[in-house]
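# Fold and contact review
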Amino acid sequence: MEPILKGRNLVKRYGRVTALDHCDFDLMPGEILAVIGDNGAGKSTLIKAVSGAATPDEGEIWLEGRKVDFHSPIDAREAGIETVYQTLAMSPALSITDNMFMGREIRRKGPLGSVFRMLDRPAMEKFARDKLNELGLMTIQNINQAVETLSGGQRQGVAVARAAAFGSKVIILDEPTAALGVKESRRVLDLIQDVKSRGIPIILISHNMPHVFEVADRIHVHRLGKRLCVIDPKDYTMSDAVAFMTGAKEPPEQDRAA
Amino acid sequence: MSDTSRQPDDFEAAAKGSPEQVAEFEDHHRGFMGTVQHFLHMNPSLVPLIVLVAAILIFGALLGAKFFSPFALTLILQQVQIVGIVAAAQSLVILTAGIDLSVGAIMVMSSVVMGQFTFRYGLPPAVAILCGLAIGTAIGAVNGFLVSRVKLPPFIVTLGMWQIVLAANFLYSQNETIRSQEIEANAPILQLFGAKFNVGGAVFTVGVIFMLVLVLVLAYALRHTAWGRHVYAVGDDPEAAELSGVNVHRTLMSVYMLSGLICAFAGWALIGRIGSVSPTSGQLANIESITAVVIGGISLFGGRGSILGSLFGALIVGVFTLGLRLLGADAQWTFLLIGMLIIAAVAVDQWIRKVAA
Ligand SMILES: Nc1ncnc2c1ncn2[C@@H]1O[C@H](COP(=O)(O)OP(=O)(O)O)[C@@H](O)[C@H]1O
Ligand SMILES: [Mg+2]
């Protein structure tokens, strides 16, 4: 089977730091791929490279077999790749609705929209409310409150809801449960399963091994800027995975990345 | 370690019995000050509006009909029209967390171009006006490019541009003023913004109407169009805006170019206000516009505030100036009070921002 999203030989340098060192990457259709690795291993840089947020210095990326060349997150979004960045990428002073629709606002029908460029606030608010409800983030009265008045977990919830609502080909989640409580994390995991059941593949970066082993179909172990190996969570334990990603144990020969 | 590797759900079992709703965005009990703070957070132009109304009432009480007349109140509008227009441009730039020190220079340069193109080259005045508007927009575009693409700090870019444009203005105009009578006789359209009309004792000029309409249109655009939301997002956190799909470069370019264009209109209005084209006029427009914006409650850190506030800020300065003059006070009292208002406005801004915490 051909990967839906494929990266080859990706290199990204920040000054003297090589964040990605000839890294390969494969996401198969319909799967949940977890990416694990130590802090600073280059996981976030990898997903930035495939989501247009960082342009790799070398290497190539294919989406559905076609070579793509993203110069901005807008390019990747237009291609159907939706990302929740580790930093969440929200405008704190703007409302939940404004943030969910940032860069893809809905305009009014008729001349109000086409001539006066007026936003269709009621439509955007209804959509945002529905999506947050799906995620169990009840916010009936206050969909217009500024994001900065939300807790860290709520903000993460909004960011995940935004990605889940708009992603059509690939959804990337960079540590989506890091700021969440136990129950909120559970909602996000349910949402991940839900997105998968819609046939959309997911890249999940997480340090939470129980979460990774619960939802992942395959686990991409990232170490020192490249893919060390890809393992099947059914064949290994969490401690094996941790041992691979920290370098305490050599990866098995058959799973070693090419 | 390996005994923790299965049964990932175990640690969640303890949470199973609790209620199912999560992360509800409830309204906490905030208390009176908290409610005020939250309300101001939602309506940032309310503070300057209250100050404006209070100032009008106080001066009205002290001065009676001398101040509280349609004539005097509309005189304030006429006196603040230039600063009000420039402050609208300044507001846009400051909303993107920038600052534009070149606004006054762009204004004067544009007015000089409008005048000189008419009288030196004999262009039709309307064409000369278009050239002036184009020059203002072009200078704004250079500012925008240096800020957005070359990534220089806006303060430095516009500090340099201020000097460059001002010097170019003096060199090009040869310090020469075009007299009012000459403009009136040969190119009255240059003085269009000074045209007056009377509504029951209230005197309006085209410039005043332009200022009011401009602010209302920008207020609409900032609140109700995608472009406006992007301006706020870029000022709030440009990296986040970029990642969430905003074309930050295009937004910044549009803001600086629009700022330049508005300043050029201010240059046209300036001819209407003073009658002549003078390369030495409007020297304080940058500081006065920043003052209006700050008193108007727009945060210098970007992303917060309303352009209506800037209009109120400009009007507050106008009310203080005229009111104190009618009271016979030394003009220095105006500056002293404005200085205090600036500091108070920033203190209020800091307090309102704490609503986040
Ligand atoms: N914008 C940047 N500028 C400079 N260095 C960076 C930048 N982004 C990441 N790095 C560096 O690249 C390396 C990989 O970072 P990152 O991809 O964030 O790792 P991870 O997400 O796996 O923790 C780190 O050494 C980090 O310091
Ligand atoms: Mg990371």
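Structure report, in brief. (Residues numbered from 1 in each chain as written. Chains lettered and ligands numbered in written order. Predicted model: local features only at pLDDT ≥ 70, side-chain atom pairs only at ≥ 80, totals over all residues. Heavy atoms only, no water.)

## Considerations on the coordination of the magnesium ion (ligand 2)
The condition is simple: Here the term donor refers to an N, O or S atom within 2.8 Å of the metal (or 3.2 Å for Na, K and Ca), and because water is left out of the atoms, sites may appear incomplete. Secondary structure elements follow DSSP: runs of H or I of four or more residues count as helices, runs of E of two or more count as strands, with numbering from the N terminus.
Within the protein, the atoms that donate to the magnesium ion (ligand 2) are Ser-44 of chain A (OG) and Gln-86 of chain A (OE1), at distances of 2.0 to 2.2 Å. Within this pair, whereas Ser-44 of chain A is found in helix H1 (residues 43–50), its partner Gln-86 of chain A is found in the loop between strand E6 (81–84) and helix H3 (96–100), the two being separated by 42 residues in sequence.

## Details of the pattern of salt bridges
Inclusion rule: The rule for a salt bridge is simple: a side-chain nitrogen of Lys or Arg has to be within 4 Å of a carboxyl oxygen of Asp or Glu. For every residue, the accessible area obtained with a 1.4 Å probe (protein chains only) is divided by the maximum for its type, and the residue is called buried under 20%, exposed over 50%, and partly exposed between those limits.
Throughout the structure, instances matching the rule amount to 20 salt bridges over all chains. The salt bridge involving Glu-64 of chain A is made with Lys-169 of chain A; its shortest N-O contact spans 3.5 Å. Highlighted residues: Glu-64 of chain A in the loop between strand E4 (58–63) and strand E5 (66–68) and Lys-169 of chain A in the loop between helix H6 (152–166) and strand E7 (170–174), separated in sequence by 105 residues. Among the residues examined, Glu-64 of chain A registers a relative accessible area of 38% and is labelled partly exposed. For the salt bridge of Arg-229 of chain B with Asp-98 of chain A, the shortest nitrogen-to-oxygen distance reads 2.8 Å. Note that Arg-229 of chain B is positioned in helix H10 (residues 226–236) and Asp-98 of chain A in helix H3, a pairing that runs across two chains.

## Some remarks on the pairing of strand E2 (residues 202–205) of chain B
Residue and element names in this part refer to chain B. The condition that has to hold: Pairing between strands is defined by DSSP: at least two bridges between them are needed.
Burial along E2 is two-sided: the residues Ala-202 and Phe-204 and Val-203 and Thr-205 are all buried. Two strands pair when backbone bridges link them, and strand E1 (residues 196–199) and E2 are joined in this way by four bridges, in the antiparallel orientation. Following the sheet pairing, Lys-196 is matched in E2 by Thr-205. Between E1 and the antiparallel strand that follows it, E2, lie two residues; Gly-200 among them carries a positive phi value of about 55 degrees.

## Structural notes on the sheet that holds E4 of chain A
Residues and elements named next belong to chain A. Put simply, the rule reads: To define axes, lines are fitted to C-alpha atoms, for helices over the stretch in contact only, and angles between the resulting N-to-C directions are given on a 0 to 180 degree scale.
One open sheet accounts for four strands, arranged E2-E1-E4-E5; its pairing is antiparallel. The open sheet has two free edges, formed respectively by strand E2 (17–27) and E5, since each of these has just one partner strand. Looking at each pair of strands side by side, their axes are set apart by 30 degrees on average, direction ignored.

## Looking at the side chain of Ser-244 of chain B
Stated formally: Note on contacts: a residue pair is in contact if any heavy atoms of the two residues lie within 4.5 Å.
By secondary structure assignment, the location of Ser-244 of chain B is in the loop between helix H11 (238–243) and helix H12 (248–274). Discounting residues that sit within four places of it in the chain, Ser-244 of chain B has contacts with Arg-77, Ala-89, Met-102, Gly-103 and Arg-162 of chain A.

## Overview of the site of ligand 1
All names here are of chain A. Where we set the bar: If even one non-hydrogen atom of a residue comes within 4 Å of a molecule or strand, that residue is called near it. Any N or O atom pair separated by 3.5 Å or less is treated as a polar contact, with the protein-specific requirement of one donor-capable and one acceptor-capable atom, and with residues adjacent in sequence counted only for side-chain atom pairs. Shrake-Rupley sampling with a 1.4 Å probe provides the accessible areas, and residues are treated as covered by the protein chains on show and by no other component.
In the vicinity of ligand 1, the contacting residues are Tyr-14, Val-17, Ala-19, Asp-38, Asn-39, Gly-40, Ala-41, Gly-42, Lys-43, Ser-44 and Thr-45. Within the side chain of Ser-44, one N or O atom sits 2.8 Å away from an oxygen atom of ligand 1. Between ligand 1 and the protein, one listed contact pairs an oxygen atom with a side-chain N or O atom of Thr-45 at 2.5 Å. Relative to its unbound accessible area of 560 Å², ligand 1 is 62% covered by the protein chains. Breaking the shell around ligand 1 down by element, the ones donating at least two residues are E2 and H1.

## Quick notes on the sheet that holds strand E3 (residues 32–36) of chain A
Strand pairing in a sheet is mediated by backbone hydrogen bonds. Such pairs are either parallel or antiparallel. All names here are of chain A. Spatially, E6-E7-E8-E3-E9-E10 is the arrangement adopted by the six strands of the open sheet, whose pairing is mixed. A strand with exactly one partner marks an edge of an open sheet, and here the two such strands are E6 and strand E10 (226–231). Here the average twist between neighbouring strands, direction ignored, is 20 degrees. With four bridges connecting them, E3 and strand E8 (residues 202–205) associate as parallel partners. Within E8, the residue paired with Val-35 across the bridge is Ile-205. Along the sheet face, H6 touches E6 and E7 and points at about 175 degrees away from the line of E6. Against the sheet, helix H9 (residues 238–246) engages E3, strand E9 (218–223) and E10, with an angle of about 30 degrees to E9.

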